[in-house]
Amino acid sequence: ELIDWFQKSAESKYRVFLIGGVPSRWRDRVNDAREEPEWKGIYDALDGIHPWHVGRWSTTASFETYYSNIISLDASYCASKGVLYMPTMFPGFSWHNMNKDSPINSIPRLGGNFMWAQAYRYVADKKISTIWMAQFDEVDEGTAIFKVASRQSDVPVDGKWLTLDADGQ
């Protein structure tokens, strides 16, 4: 009822193109998603689907597997329903800024190759026309695509900094 209001029933100036930020396994309603069958109707009613994928793969090889088994099938499902599909792309990851016991480079950026593998695959998929870039400024999780330095020699001496050459590339 609420989704319908935003999309159709509200005065035209209040209507929206409604994109849902959803769990990564929304279509199958397993793992991080709710399993109740009513969720399928909610997902199908959205204009766009944006699943949160950060941390679902940690290497370019595991991305390819995840893409083939999950993302490609999600994109096909959305295309069949006329729903915009926005998979997440992320440059790498680190919990170190929030938890000093975790590794500083837990999902390595691989000199940009980790993100490039995702970008290349998404651009090649005709069912994907839009992505969600995680995250522009998420320095605390090591996913920021700004505020980065190329080399360890470019950062302040105090503190630990994850630079683009952290992987030796």
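Residues numbered from 1 in each chain as written. Predicted model: local features only at pLDDT ≥ 70, side-chain atom pairs only at ≥ 80, totals over all residues. Heavy atoms only, no water.

## Section: the pattern of salt bridges
To keep things clear, this is the line we draw: Any carboxyl oxygen of Asp or Glu within 4 Å of a side-chain nitrogen of Lys or Arg constitutes a salt bridge here. Secondary structure is summarised from DSSP: a helix means a run of H or I of at least four residues, a strand means a run of E of at least two, and numbering begins at the N terminus for each. Type-normalised accessible area, obtained with a 1.4 Å probe on protein chains alone, sets the label of each residue: buried when under 20%, exposed when over 50%, and partly exposed for intermediate values.
Tallying each qualifying case throughout the model produces 10 salt bridges. Between Asp 4 and Lys 8 there is a salt bridge; the shortest N-O distance is 3.8 Å. With Asp 4 and Lys 8 both in helix 1 (residues 2-9), this residue pair falls 4 residues apart, about one helical turn. For Asp 4, a relative accessible area of 31% gives the class partly exposed. Take Lys 8: its relative accessible area is 53%, and that puts it in the exposed class. In this structure, the salt-bridge partner of Arg 121 is Glu 64, at a minimum N-O distance of 2.9 Å. One end of the pair, Arg 121, is in helix 4 (residues 113-124); the other, Glu 64, is in helix 3 (residues 60-81), with 57 residues separating them in the sequence. Judged by relative accessible area, Glu 64 falls into the partly exposed class, the value being 28%. Taken together, the shared-partner salt bridges connect Arg 25, Arg 27, Asp 28 and Asp 74 into one network.

## Side note on a nonpolar patch on the surface
We count it as follows: Only residues whose relative accessible area exceeds 30% and that form no salt bridge enter a patch; like-charged residues are grouped when within 9 Å of one another, and nonpolar side chains (Val, Leu, Ile, Met, Phe, Trp, Tyr) when within 5 Å. For every accessible area listed, the method is Shrake-Rupley and the probe measures 1.4 Å; residues are considered covered only by the protein chains on display.
Together, Leu 2, Trp 5 and Tyr 14 give the surface a local cluster of nonpolar side chains, amounting to about 350 Å² of exposed area. Along the chain, Leu 2 falls in helix 1.

## Comments concerning helix 3
Rule in force here: For a helix, the expected span equals 1.5 Å multiplied by the residue count minus one. Two residues form a contact once any of their heavy atoms are found within 4.5 Å.
The end-to-end C-alpha distance of helix 3, which contains 22 residues, comes to 29 Å, matching closely the 32 Å that a straight helix rising 1.5 Å per residue would cover. Every buried residue of helix 3 is listed here: Phe 63, Tyr 66, Tyr 67, Ile 70, Ile 71, Ser 72, Asp 74, Ala 75, Tyr 77 and Cys 78. For helix 3, the secondary structure elements touched by its buried residues are helix 2 (38-45), strand 2 (48-51), strand 3 (84-85) and helix 4. Residue Gly 82 follows helix 3 closely and has a positive phi angle near 70 degrees.

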